[in-house]
Amino acid sequence: MKRLILVIGFFFQLWSPVLFAEQIVREFSFGKAKGSTAISLEKAQPYLEAQGYGFEFSTEKNVVIDHKNKMLLSKKPFYFSVKVPEGNYKITIRYQGLQNKSYMSTIRSESRRLQIENQVVLPNKVLDRTIIVHIKNPKIASGGIVALKKPRELQKLDWDEKLTLEFQQTNCISSLRIESINAIPTVFLAGNSTVVNQEDEPWASWGQMIPRFFDAEIAIANHAESGLALSSFLSSKRLDKILSIAKPGDYLFIEFGHNDQKEKGEHAGAYKGYSDRLRYFVREFRVKGGIPVILTSTARRSFDEQGHLVHTLGDFPDAARKVAAELQVPMIDLNKKTSMFYEALGVEGSKRAFVHYPAHTFPNQQHDLADNTHFNPYGAYEIAKMVLTGIKENQLPITEHIVDFQGFDPQQPDDFNTWYWPPSLINSVVKPDGN
């Protein structure tokens, strides 16, 4: 196997005459590049902390280099990481068409965030695709640190100090450019396991699907985590983290309810602690000059013996609607939209949107998986479209940055049989926290 030659260049320049912040540019090309301002390296290596880049999960064996045409070639999944500080990054991938046939590429970032989906590259054509990836760390500028869940979050690509790209399907790439970008709106996501970037197959949530539908003028920063309620999101300092980096014009999408039902005590309940905390999130984010958006919780898959959907979230969706109306906050009714979605699919068909798989579907899966709360990639993708619909219904300014989306009717979902998701190499049979 020919070995991959990586070229990495570091460029630093002032991005603002006022703030004098460093802009980071890191550029990779494949094959010896004479006259290039980048530095040439001539072998594929696993990620090494000392050099700050490399392949992950032993996937360097899955790529080859065409020295003559200066291209990286692969028909297998591979991961490539680059060490970068916290921030938003614009990444430009230059695809090179093959000589005799088209191919399709899918790219995900960090913990399986969908960025490029089934991109068709025509023969002998050069195609540039640009995406935005948000990189975060648990440090809070004002002091303190996010209390990450152990060991789950300590192992996630979302929380390490590097940018990881996951390449799927076929890839023929001539260059990769990574540069920091500051002057774009960031959409922060606060929520639970129905929102979080799920690291492992076959679990997924809408927050990791939605980056695919925005252009390179919007960043998605997903701070949701499995098992959290509004109270634990606060106590683990996740809102503090968001507020420490948010800027005027940013957004905060807030979806809670599933785990808030478990709260005990005198102040527990939809119209008490839950509503008060929603008001607090809205108030604090508005102080930063941001735009809060409230989402009702996704419904659980629960049908009675007659095949009618059972609503299991009690007063929490209604409480979210009331707080949104009271504070004049844009509201996306995911509870209503997901209920319509499940009913359209039916009792058995709705299983296709959740983690329902017979034993041995995935490696090391000895038993059936039957989870009526957590979604698989298809279900998460459909719910992301419901969120996009809500953004358009509310006429939010970020609507103009939505791409490849004409609208979505949850009563007429995409055909599960024609939808395709190339599975990631990382999988788990462990159910995410929260139910």
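Please refer to the structure placed before this passage.
This one's a predicted model, so the numbers in the text were calculated from it and none came from an experiment.

(A) How the structure looks around the packing of aromatic side chains. Counted by the stated rule, this structure contains 22 aromatic pairs. Ring centres of Tyr95 and Tyr103 lie 6.5 Å apart, and the angle between their planes is 65°; this geometry places the pair in the edge-to-face category. An identical accessibility class is assigned to Tyr95 and Tyr103; each is buried. Each ring, one from Phe213 and one from Tyr381, has its centre 5.5 Å from the other, and the planes form 55°; the classification is tilted.

(B) Spatial organisation of the layout of surface pockets. The volume enclosed by the second largest pocket comes to roughly 310 Å³. In this structure, the second largest pocket is lined by 15 residues; those nearest its centre are Arg152, Gln155, Glu199, Asp200 and Ser428. Class assignment of the residues belonging to the lining of the second largest pocket gives a composition of six nonpolar, three polar and six charged. A domain-level breakdown of the lining of the second largest pocket finds at least three residues from each of domain 1 (22-182) and domain 2 (184-418).

(C) Looking closely at the sheet that holds strand S7 (residues 78-82). Reading across the sheet, the five strands line up as S4-S7-S12-S9-S10 and stay open at both edges, with antiparallel pairing between neighbours. A single partner strand is all that each edge strand has here, and the edge strands are strand S4 (53-56) and strand S10 (113-121). With direction set aside, neighbouring strand axes in the sheet form an average angle of 20°. In terms of strand pairing, S7 meets strand S12 (residues 163-169) through five bridges, oriented antiparallel. Of the residues in S12, the one forming a bridge with Phe78 is Phe167.

Analysis parameters
Residues numbered from 1 in each chain as written. Predicted model: local features only at pLDDT ≥ 70, side-chain atom pairs only at ≥ 80, totals over all residues. Heavy atoms only, no water. Phe/Tyr/Trp six-rings, centres within 6.5 Å; stacked < 30°, edge-to-face > 60°. Buried < 20%, exposed > 50% of the residue type's maximum accessible area, 1.4 Å probe, protein only. 1 Å grid on protein atoms, 1.4 Å probe; cavity = no way out; pocket = protein on both sides within 12 Å on 5 of 7 lines; lining within 4 Å. Points joined across faces, edges and corners; volume = space filled by probe spheres on them. Nonpolar A, V, L, I, M, F, W, Y, C, P; charged D, E, K, R; others polar. Domains from an automatic or database assignment. Pairing = 2+ DSSP bridges. Helix = DSSP H or I, 4+ residues; strand = E, 2+ residues; numbered from the N terminus. Axes fitted to C-alpha atoms, helices over the stretch in contact; angles between N-to-C directions.

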